[in-house]
Amino acid sequence: MIPYWVNTSSNDLIKLILKKSATVKEKMERLLKDEAIEVKVDQETVNLVEKIYKVKIPNKEIKEFEKKFRILVMQMFSYMDVKENTAENFYHAFVLGMLVGLKDSYYVNSNRESGIGRYDIMLEPKDKNGNAFIMEFKVLEDLEEKTIEETIENAKTQIEEKKYEENLRERGYSNITKLVFAFNGKEVKTENY
């Protein structure tokens, strides 16, 4: 028996709402810019009155991690730790060491093949419905990049071109967050997508 509602919807309603409503479109744009918006929530099902809540796309954990990671780098690391030829391996090993504590809920893998390349770190949730993570570490290379933002873009391109998420998808994971760590000495920037 096939459920009636399967394959009966489309994104047409969403497209129509976005075309017709400048307010909805504006709110969506603000959310995508990592800003909070106010929405009315009617919770009659639990006998609560209508309230206005501030909401935003949840990215707080990644930003908090980046903030704390920067502090650790500035307070703990020496420029000798992150010399040009060893920086990527140093940062990789440091983050890997931090992630070992997740072993009860994640398989923590390092430098394994996936797709047509080798990712730096992959966190595979033991719960198939959980969020998997692919991490790539990249040090700014003067010959290729002028800014740390270019380093981030090159790392993202590498993840996509090398198809690092392929093994996760083959094993049934659909929630995959890709994290890029870009470094220039002790300057650190992260981005997720």
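Keep in mind that this is a model prediction, so the values were computed, not measured. (Residues numbered from 1 in each chain as written. Predicted model: local features only at pLDDT ≥ 70, side-chain atom pairs only at ≥ 80, totals over all residues. Heavy atoms only, no water.)

Caption draft 1: How the structure looks around the pairing of strand β9 (residues 187-192). Taken together, the six bridges between strand β8 (residues 176-184) and β9 define a ladder with antiparallel strand orientation. Considered in β9, the bridge of leucine 179 is made with asparagine 192. (Pairing = 2+ DSSP bridges. Helix = DSSP H or I, 4+ residues; strand = E, 2+ residues; numbered from the N terminus.)

Caption draft 2: The sheet that holds β8, seen in detail. Taken together, the five strands give an open sheet; going across it, the order is β3-β6-β7-β8-β9, and neighbouring strands pair in mixed fashion. In the strand order of this sheet, the two ends are held by β3 (106-110) and β9, each with one partner. Here the average twist between neighbouring strands, direction ignored, is 15 degrees. The sheet contact formed by strand β6 (residues 121-125) and strand β7 (residues 132-139) spans three bridges and is antiparallel. Residue leucine 123 lies in a different strand from β7, and its bridge partner there is phenylalanine 133. Helix-sheet contacts for helix α4 (residues 87-99) involve β3, β6, β7, β8 and β9, and the interaxial angle to β7 is about 155 degrees. Sitting on the sheet, helix α5 (residues 148-161) touches β7, β8 and β9, and the angle it makes with β8 is about 140 degrees. (Axes fitted to C-alpha atoms, helices over the stretch in contact; angles between N-to-C directions. Contact = heavy atoms within 4.5 Å.)

Caption draft 3: Layout of the side chain of threonine 190. Counting through the fold element by element, threonine 190 comes out in strand β9. We classify threonine 190 as buried; its relative accessible area is 9%. When sequence neighbours within four positions are dropped, the list of residues in contact with threonine 190 reads Glu66, Val180 and Phe181. (Buried < 20%, exposed > 50% of the residue type's maximum accessible area, 1.4 Å probe, protein only.)

Caption draft 4: Region of interest: unusual backbone geometry. The phi angle at asparagine 111 is positive, at roughly 55 degrees, despite the residue not being glycine. Following the sequence through the fold, asparagine 111 ends up in the loop between β3 and β4 (113-114). Positive phi is not limited to glycine here, since lysine 163 has a value of about 55 degrees. Assessed through its relative accessible area of 44%, lysine 163 is described here as partly exposed.

Caption draft 5: The arrangement of the nonpolar core in detail. Ranked by size, the top nonpolar core spans 21 residues in total, and within it Phe69, Tyr91, Val95, Met135, Phe137, Phe181 and Phe183 carry the most contacts. Those elements giving two or more residues to this core turn out to be α3 (60-76), α4, β6, β7 and β8. In terms of residues, this core owes the most to one element, α4, which gives five residues. Among the nonpolar cores identified, the runner-up in size contains 14 residues, and Tyr119, Ile152, Val180 and Ala182 belong to it. (Core = buried A, V, L, I, M, F, W, Y, C linked by side-chain atoms within 4.5 Å.)

Caption draft 6: Spotlight on the side chain of glutamate 165. In this fold, glutamate 165 is placed in the loop between α5 and α6 (166-170). Among residues more than four places away in sequence, those in contact with glutamate 165 are Ser114, Ile134, Glu160, Ile176 and Lys178.

Caption draft 7: The pattern of salt bridges, seen in detail. If you walk through the whole model with that rule in mind, you get six salt bridges. When the shortest N-O distance is used, the salt bridge between arginine 171 and glutamate 124 registers 2.6 Å. With a gap of 47 residues between them, arginine 171 in the loop between α6 and β8 and glutamate 124 in strand β6 connect regions that are remote in the sequence. In this structure glutamate 124 comes out as buried when scored by relative accessible area, which is 10%. With a closest N to O distance of 2.6 Å, glutamate 165 and arginine 169 form a salt bridge. Judged by its relative accessible area of 41%, arginine 169 falls in the partly exposed class. Within this structure, Glu160, Glu165, Arg169 and Lys178 form a network of salt bridges that share partners. (Salt bridge = Lys/Arg side-chain N within 4 Å of Asp/Glu carboxyl O.)

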